[in-house]
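# A closer look at the structure
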Amino acid sequence: MLEPDTFDEKAKRIYEAHKKEWERLYNGKIIAIDIDASDFVSVGENIGDVDLEARRERPGHRIFMRRVGKNPAVARLRNRTYV
């Protein structure tokens, strides 16, 4: 399992690699990033819906969620199999 700082850094690198595209498409929305697959999983207006969709699509994967844009309001969520 990744340490919290390593987890955060990996999520930041994935976001930065896609920042321009995601901010154009999803600015202000919440996205879920799959840390294990290094890609985007889901997008939505609220953290609950995004979380449910991400866990359904990628069971067992580590998921990082944040708001797209200048005010990220970051949340780190791990699937129950990692807790």
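Right, let's walk through the structure included here. (Residues numbered from 1 in each chain as written. Predicted model: local features only at pLDDT ≥ 70, side-chain atom pairs only at ≥ 80, totals over all residues. Heavy atoms only, no water.)

Further remarks concern the packing of aromatic side chains. The relative placement of two aromatic rings is captured by the distance of their centres and the angle of their planes. Counted according to the given criterion, the structure contains four aromatic pairs. Centroid distance Phe7 to Phe64: 6.2 Å. Interplanar angle 50°. Geometry classified as tilted. In this pair, Phe7 is assigned in helix H1 (residues 4-26) and Phe64 in strand E3 (residues 63-67), connecting sequence segments 57 residues apart. Of the residues examined, Phe7 reaches a relative accessible area of 0% and is grouped as buried. Note on Phe64: relative accessible area 6%, which makes it buried. (Phe/Tyr/Trp six-rings, centres within 6.5 Å; stacked < 30°, edge-to-face > 60°. Helix = DSSP H or I, 4+ residues; strand = E, 2+ residues; numbered from the N terminus. Buried < 20%, exposed > 50% of the residue type's maximum accessible area, 1.4 Å probe, protein only.)

Every buried residue of helix H2 (residues 47-57) is accounted for by Val50, Asp51 and Ala54. One face of H2 carries all of its buried residues, which in axial projection span an arc of 100°. Of the exposed residues in H2, those oriented more than 90 degrees away from the buried face are Leu52 and Arg56. At the N-terminal boundary of H2, the capping side chain belongs to Asn46, with an oxygen 3.1 Å from the backbone nitrogen of Gly48. (Arc of directions from axis to C-beta. Polar contact = N/O pair within 3.5 Å; in protein donor to acceptor, adjacent residues only side chain to side chain.)

Attention shifts here to the pattern of salt bridges. Overall, the coordinates contain five salt bridges when judged by the stated rule. Between Asp39 and Arg58 there is a salt bridge; the shortest N-O distance is 2.8 Å. Of this pair, Asp39 sits in strand E2 (residues 39-44) while Arg58 sits in the loop between H2 and E3, and the two are 19 residues apart along the sequence. The residue Asp51 makes a salt bridge to Arg55 at a minimum N-O spacing of 2.4 Å. With Asp51 and Arg55 both in helix H2 and four residues apart, this pair spans about one turn of that helix. Overall, the relative accessible area of 22% leaves Arg55 in the partly exposed class. One salt-bridge network, in which partners are shared between bridges, spans Asp34, Asp39 and Arg58. (Salt bridge = Lys/Arg side-chain N within 4 Å of Asp/Glu carboxyl O.)

Two elements, strand E1 (residues 30-34) and E2, share five bridges in a ladder whose sense is antiparallel. Its bridge partner being in E2, Ile33 is matched across the sheet by Phe40. With antiparallel pairing between neighbouring strands as the criterion, E1 and E2 make up a hairpin whose turn holds four residues, including Ser38 at a positive phi of roughly 55°. (Pairing = 2+ DSSP bridges.)

It is worth spelling out the environment of Arg13 at this point. Here Arg13 shows up in helix H1. Taking the relative accessible area as the measure of exposure, Arg13 reaches 52% and is therefore exposed. Between the C-alpha atom of Arg13 and that of Ser38, which follows or precedes it by 25 residues, the distance is 9.2 Å.

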